[in-house]
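Coordinate analysis (summary)
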Amino acid sequence: MQERTFLMIKPDGVQRGLMGEIISRVEQRELKIVALKMLRVDDETAKKHYAEHAGKPFFNSLVEFIKSGPVVAMVIEGENAIFTMREMVGATDPAKAAPGTIRGDFAHDARDITHNIVHAADSLENAKREIDLYFEHF
Ligand code: CMP
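Rules used throughout
Residues numbered from 1 in each chain as written. Predicted model: local features only at pLDDT ≥ 70, side-chain atom pairs only at ≥ 80, totals over all residues. Heavy atoms only, no water. Pairing = 2+ DSSP bridges. Helix = DSSP H or I, 4+ residues; strand = E, 2+ residues; numbered from the N terminus. Axes fitted to C-alpha atoms, helices over the stretch in contact; angles between N-to-C directions. Contact = heavy atoms within 4.5 Å. Buried < 20%, exposed > 50% of the residue type's maximum accessible area, 1.4 Å probe, protein only. Near = heavy atom within 4 Å. Polar contact = N/O pair within 3.5 Å; in protein donor to acceptor, adjacent residues only side chain to side chain. Areas by Shrake-Rupley, 256 points an atom, 1.4 Å probe, with all protein chains shown as cover. Nonpolar A, V, L, I, M, F, W, Y, C, P; charged D, E, K, R; others polar.

Hydrogen bonds along the backbone pair up the strands of a sheet, which may run parallel or antiparallel. With antiparallel pairing, the 4 strands of this open sheet are ordered in space as S2-S3-S1-S4. Two strands close off the open sheet at either side, each with one partner strand: strand S2 (32-39) and strand S4 (118-120). The sheet shows a mean angle of 20° between the axes of neighbouring strands, direction not considered. Bridge count between strand S1 (residues 2-9) and S4: 3 bridges; the pairing is antiparallel. Following the sheet pairing, Leu7 is matched in S4 by Ala120. Strand contacts of helix H2 (residues 19-28): S1, S2, strand S3 (71-79) and S4, with the helix running at about 165° to S2, the strand carrying the most contacts.

Before going further, it helps to examine unusual backbone geometry. At Glu30, a position not held by glycine, the phi torsion is positive, near 60°. Overall, the relative accessible area of 72% leaves Glu30 in the exposed class. Positive phi, normally seen in glycine, also occurs at Ile117, with a value near 70°. Note on placement: Ile117 falls in the loop between helix H6 (102-106) and S4. Looking at Ile117, the relative accessible area reads 0%, which means it is buried.

Turning next to the site of the ligand. Every residue close to the ligand is listed here: Lys10, Tyr50, His53, Phe58, Leu62, Thr92, Arg103, Ile113, Thr114, Asn116 and His119. Interatomic distance of 2.7 Å between a side-chain N/O atom of Lys10 and an oxygen atom of the ligand. Between the ligand and the protein, one listed contact pairs an oxygen atom with a side-chain N or O atom of Tyr50 at 2.7 Å. Isolated, the ligand exposes 450 Å² of accessible area, and the fraction of that covered by the protein chains is 79%. Of the residues in the shell around the ligand, the class split is 4 nonpolar, 5 polar and 2 charged.

All quantities given are derived from atomic positions and should not be read as evidence of function.
Okay, structure coming up:
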């Protein structure tokens, strides 16, 4: 099924110079990048983005981290784009992410789960919500 998903390169991915590598992987997988922008996430947007984690012990550090430097937000389109991107990104905990995934290849020694390089929407509903949050007219 043709779908759209939301992908973000987090501040650690940008700072470590992994933008090109991540974008290349998406293109090589023949997923289409239909929107892309670099931005600083403000407090309100960060809290809305991670609303489902509000109240969890890691919520504040997650919000602070996503605001800590520029990020790259993308809308990705393709066959089973949501599942495919989640597979390419790997397990949330970088220490458990398989080799060949973005997190497994570049974040296996991350100092905590927050520093996991990328975020990819986990459902159709969240993909729509996150795309709406970062892009107009999509
Ligand atoms: P992400 O895919 O952006 O979605 C939620 C984020 O919360 C996740 O990646 C991690 O960066 C972060 N996080 C921090 N601690 C935890 C935890 N204990 N369990 C799950 N996610 C966590």
